[in-house]
Amino acid sequence: MELFVAPSILSADFARLAEAAASVAGRPGTPGADWLHVDVMDNHFVPNLTLGLPVVKSIRAATEIPLDCHLMIEDPARWAPGYAEAGAHNVTFHAEATDDPAAVGRDLRKAGAKAGLALKPGTPLEPYLEILRDFDTLLVMTVEPGFGGQEFMAEVLPKVTEARRRVESGHLELRIEVDGGINADTIHAAAEAGADTFVAGSAVYNADDPAKAVAALRELAARR
Ligand SMILES: O=C(CO)[C@H](O)[C@H](O)COP(=O)(O)O
Ligand SMILES: [Fe+2]
C-alpha cells in the first residue's frame, strides 16, 4: 500500500501560498508531499471561513503537487464540481452536508476529479458503506472540522479499521485518509488502524523545515 502525506496549507501563511507549496515539494532523492491539502470552509458548515475557488485556481497554477480539496461547505452539489473543473486532483465533501452524496460523487468523477467522502468524528461509517463504491477517497476526520491545531481523536480510528477491512476483502477500493491532529506522536496509531493518506497541517507548517517534517511523517507511518 502506497502511503501519501498531504500537508494542509491551513497552517501556512495565506499571503505566501505558492511558497508554502514549494516548501513541501520533493527534492532529488527525497519524495515530498503527495497531495497538497486545501481546506475550504464557508462559515456555515463549520464556524470558520478560509478560501474558495479563485484561490484554489491560483494555487493550482502555482504548483505541480496534486491538490486535495477538503470542502467543509454547505450545498456541495452546487459547488463541488467547480473544484474538479478548476483542476483539483481529489475533491472531498462532507456526507453530513447533502442528502444525496452518491450523486455528488458521480458528478465529481464526471468533472474529472477523484471523489472523496468525509465523515465528521460523530458520523458513523455504516450508512455510507454501499455508496462508497462511487468514491475514490474516504476522509475520516480525527478532529471536529473547522480549525487546525486540535488534538487527535483516537476514538474515531475504529471507522478506519472497518474501512480497511472492506478494502482488504475487496468490497471497496479507496484511499483511507485521516485529517486532524496528525503529528509524529499520533500518525503511528492512524497507520496501524489502516489509514494510507495522512493530512498534517500544524505538524508540517509549524516545523522549521516543512519538507523534513513530511519525510519524517512518511517514515513513521511506514513503521506501522
Ligand atoms: O480539515 C482540517 C480542519 O478542519 C485540517 O485539514 C486539519 O485540521 C489540519 O490541521 P492539523 O494537522 O493542525 O490538525
Ligand atoms: Fe482538512
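Criteria and cut-off values
- Residues numbered from 1 in each chain as written.
- Chains lettered and ligands numbered in written order.
- Predicted model: local features only at pLDDT ≥ 70, side-chain atom pairs only at ≥ 80, totals over all residues.
- UniProt positions renumbered as here; feature names shortened; annotations may be inferred.
- Helix = DSSP H or I, 4+ residues; strand = E, 2+ residues; numbered from the N terminus.
- Contact = placed C-beta atoms within 7 Å.
- Near = placed C-beta within 6 Å.
- Nonpolar A, V, L, I, M, F, W, Y, C, P; charged D, E, K, R; others polar.
- Core = buried A, V, L, I, M, F, W, Y, C linked by C-beta atoms within 7 Å.
- Buried ≥ 20, exposed ≤ 12 C-beta atoms within 10 Å, placed from the backbone.

The protein is annotated in an unreviewed UniProt entry as Ribulose-phosphate 3-epimerase of Cryptosporangium arvum DSM 44712. Under the UniProt heading Catalytic activity (unreviewed entry), the note attached to the protein is "D-ribulose 5-phosphate = D-xylulose 5-phosphate". For the record of the protein, the UniProt heading Pathway (unreviewed entry) holds the text "Carbohydrate degradation."

Look at the UniProt record and you will see "active site" (unreviewed entry) annotated at D39 and D179. For this annotated set, covering 141 residues, all C-alpha atoms fall within 10.5 Å of each other, a compact arrangement in space. For D39, the position within the fold is in strand β2 (residues 36–41). Tracing the chain through its elements places D179 in strand β7 (residues 175–179). The residues touching D179, leaving out its near neighbours within four places in the chain, are H70, L139, M141, T142 and V199.

Neighbouring residues of ligand 1: 23 residues in total, closest S8, P145, G148, G201 and S202. Looking at the shell around ligand 1, the elements that each hand over two or more residues are β2, β3 (67–72), β8 (197–200) and α7 (202–205). Broken down by class, the residue content of the shell around ligand 1 amounts to 9 nonpolar, 12 polar and 2 charged.

This part covers the nonpolar core. Ranked by internal contacts, the top residues of the largest apolar core, which has 73 residues, are V91, A190 and F198. Per element, the largest residue contribution to this core is 5 residues, and it comes from helix α8 (residues 210–222). Those residues in contact with F198 that sit more than four places away from it in its chain are V5, A6, V178, I182, I187, A190, L217 and A221.

For the rest of this paragraph, the subject is the UniProt feature "binding site: a divalent metal cation" (unreviewed entry) in the protein. The feature "binding site: a divalent metal cation" (unreviewed entry), as annotated in UniProt, sits at H37, D39, H70 and D179 in this numbering. Spanning 143 residues, the named residues nonetheless gather at one spot, since no C-alpha pair among them exceeds 10.5 Å. Not counting residues up to four positions away in its chain, the partners in contact with D39 are S8, L10, T50, H70 and M72. Within the secondary structure, H70 sits in strand β3. Excluding residues within four positions of it along the chain, H70 makes contact with H37, V38, D39, V40, T92, A118, L139 and D179.

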